[in-house]
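Now for the letters of each chain:
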Amino acid sequence: MKILLAVDGSPYTKKMLAYLTTHMDMFAGKGHEFTALAVQPVLPARARSLMSTQEVAAYYTEEAEKVLGPVATFLEQRALNVKRQAEIGLAGDVIATYAAEGKYELIIMGSRGNGALAGLVMGSVATRVLAKCDVPVLLVR
């Protein structure tokens, strides 16, 4: 099974990873392929205009590694191989598109667990993924 782990380095990601490792019997085993996806927001145009192309690329790489490095280390210590992937854009849209294009069978992500009204007002990433994605999503809160 191809499983996409949407990660952002927040406490909600840590809860999701804890859930994953405490339920290894569901996720460990032959045939499971894990990919950790970190989505960086696009730098504002004004900030990008003050930086060279190389500096912008280095910034995105550094920010993604801050999230993906600890996640990969945590999972590898628990005998789960994980591929790392970094993308740039609106997190909810990128996660949904990446999952569909990569033919993932499950997305696992952490969520704050705000109510429906708060999600509508604030535009939760999890809400956006659920709305735009045909792939099953496991939310951990």
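This write-up is about the structure you can find in this document.

How each quantity is defined
Residues numbered from 1 in each chain as written. Predicted model: local features only at pLDDT ≥ 70, side-chain atom pairs only at ≥ 80, totals over all residues. Heavy atoms only, no water. Salt bridge = Lys/Arg side-chain N within 4 Å of Asp/Glu carboxyl O. Helix = DSSP H or I, 4+ residues; strand = E, 2+ residues; numbered from the N terminus. Buried < 20%, exposed > 50% of the residue type's maximum accessible area, 1.4 Å probe, protein only.

So, on to the pattern of salt bridges. Taken as a whole and assessed by the stated rule, the structure comprises five salt bridges. The closest approach of N and O atoms between glutamate 33 and lysine 83, which form a salt bridge, is 3.1 Å. One end of the pair, glutamate 33, is in strand S2 (residues 33–40); the other, lysine 83, is in strand S3 (residues 82–88), and 50 residues separate them in sequence. According to the relative accessible area criterion, glutamate 33 is partly exposed, its value standing at 32%. Assessed through its relative accessible area of 44%, lysine 83 is described here as partly exposed. Glutamate 63 is paired through a salt bridge with lysine 66; the nearest N and O atoms lie 2.9 Å apart. Placement of the pair is glutamate 63 and lysine 66 together in helix H4 (residues 53–76), with a separation of three residues, close to one helical turn. A residue is classified by how much of its surface remains accessible, and glutamate 63, at 19% relative accessible area, is buried. Members of the salt-bridge network, linked through shared partners, are Asp93, Arg128 and Lys132.

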